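# Structural characterization, general
Each chain is listed here by its residues.
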Amino acid sequence: MKKLALSLLMMLFVVAAYAQQQKAAAVNGPQITFEETEFNFGDIKQGEKVEHIFAFKNTGTAPLVLSNVLTTCGCTASEWPKEPVAPGKTAQIKVTFNSAGKMGVQNKVVTIVSNAVNAQEQVKMVGNIVPATAAAGR
């Protein structure tokens, strides 16, 4: 009985591994893969600016072209590559958050639009804005 259960378990692993290989091989075209999708900047005082670089790689088989990077409000700005990113190459998106006029917990979503098979991806900057006087006492 143990041999049968062990054999079935091994067959399950082989089938799962084969399915993953087939899924990975099925990607035909550009694909954007981020090293991280969320950056927590912690507590900052009101009025400070925070910058973060979101690195990504084209894990697909064709050049990746970013057509737009959309932010949720005017307090967040972005810079991204305008040239195609070749398969296997890396690039980055710089996101800047200006906390002027903001208070409390923030969750700023940035949507990346591209020609990738995963055409829209999102990254986030999260953190907490405290009054300038409260941050000075830290």
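Above this text is the structure in question.
Residues numbered from 1 in each chain as written. Predicted model: local features only at pLDDT ≥ 70, side-chain atom pairs only at ≥ 80, totals over all residues. Heavy atoms only, no water.

The next point concerns the sheet that holds strand 6 (residues 90-98). Spatially, 4 strands are ordered 1-3-6-5 in an open sheet, and the strand pairing comes out antiparallel. Pairing within the sheet leaves two strands with one partner each, and these edge strands are strand 1 (32-34) and strand 5 (76-79). Averaged over all neighbouring strand pairs, the angle between strand axes comes to 30°, with direction disregarded. Of the pairings in the sheet, the one linking strand 5 to strand 6 comprises 4 bridges and is antiparallel in character. Counted as the bridge partner of T76 is F97 from strand 6. (Pairing = 2+ DSSP bridges. Helix = DSSP H or I, 4+ residues; strand = E, 2+ residues; numbered from the N terminus. Axes fitted to C-alpha atoms, helices over the stretch in contact; angles between N-to-C directions.)

Once that is clear, we can look at the sheet that holds strand 4 (residues 66-71). Strand order across the open sheet formed by 4 strands is 2-8-7-4, with mixed pairing between neighbours. Edge positions in the open sheet fall to strand 2 (38-45) and strand 4, since each of these has one partner strand only. Averaged over all adjacent pairs, the angle separating strand axes in this sheet is 20°, with direction ignored. Bridging between strand 7 (residues 104-114) and strand 8 (residues 120-130) involves 10 bridges; their strand directions are antiparallel.

Once that is clear, we can look at the state of the cysteines. By definition, a disulfide links the sulfur atoms of two cysteine residues through a covalent bond. Per the counting criterion, the structure on display carries 1 disulfide. What pairs with C73 in a disulfide is C75, and their sulfur atoms sit 2.2 Å apart. The exposure class of C73 is partly exposed, given its relative accessible area of 23%. (Disulfide = S-S within 2.5 Å. Buried < 20%, exposed > 50% of the residue type's maximum accessible area, 1.4 Å probe, protein only.)

This part covers the environment of S114. With respect to the helices and strands, the residue S114 is situated in strand 7. Every residue in contact with S114, bar those within four places of it in the chain, is listed here: L64, V65, L66, S67 and A119. (Contact = heavy atoms within 4.5 Å.)

This paragraph deals with the pattern of salt bridges. Counted by the stated rule, this structure contains 2 salt bridges. E51 is the partner of K94 in a salt bridge, and the nearest nitrogen-oxygen pair spans 3.9 Å. Placement of the pair is K94 in strand 6 and E51 in strand 3 (residues 49-58), with a sequence separation of 43 residues. Residue K94 is classed as partly exposed on the basis of its relative accessible area of 25%. Note that K94 and E79 form a salt bridge whose closest N and O atoms lie 3.6 Å from each other. Here K94, found in strand 6, pairs with E79, found in strand 5; they are 15 residues apart in sequence, far enough to count as distant. What emerges from the salt-bridge pattern is a single network uniting E51, E79 and K94. (Salt bridge = Lys/Arg side-chain N within 4 Å of Asp/Glu carboxyl O.)

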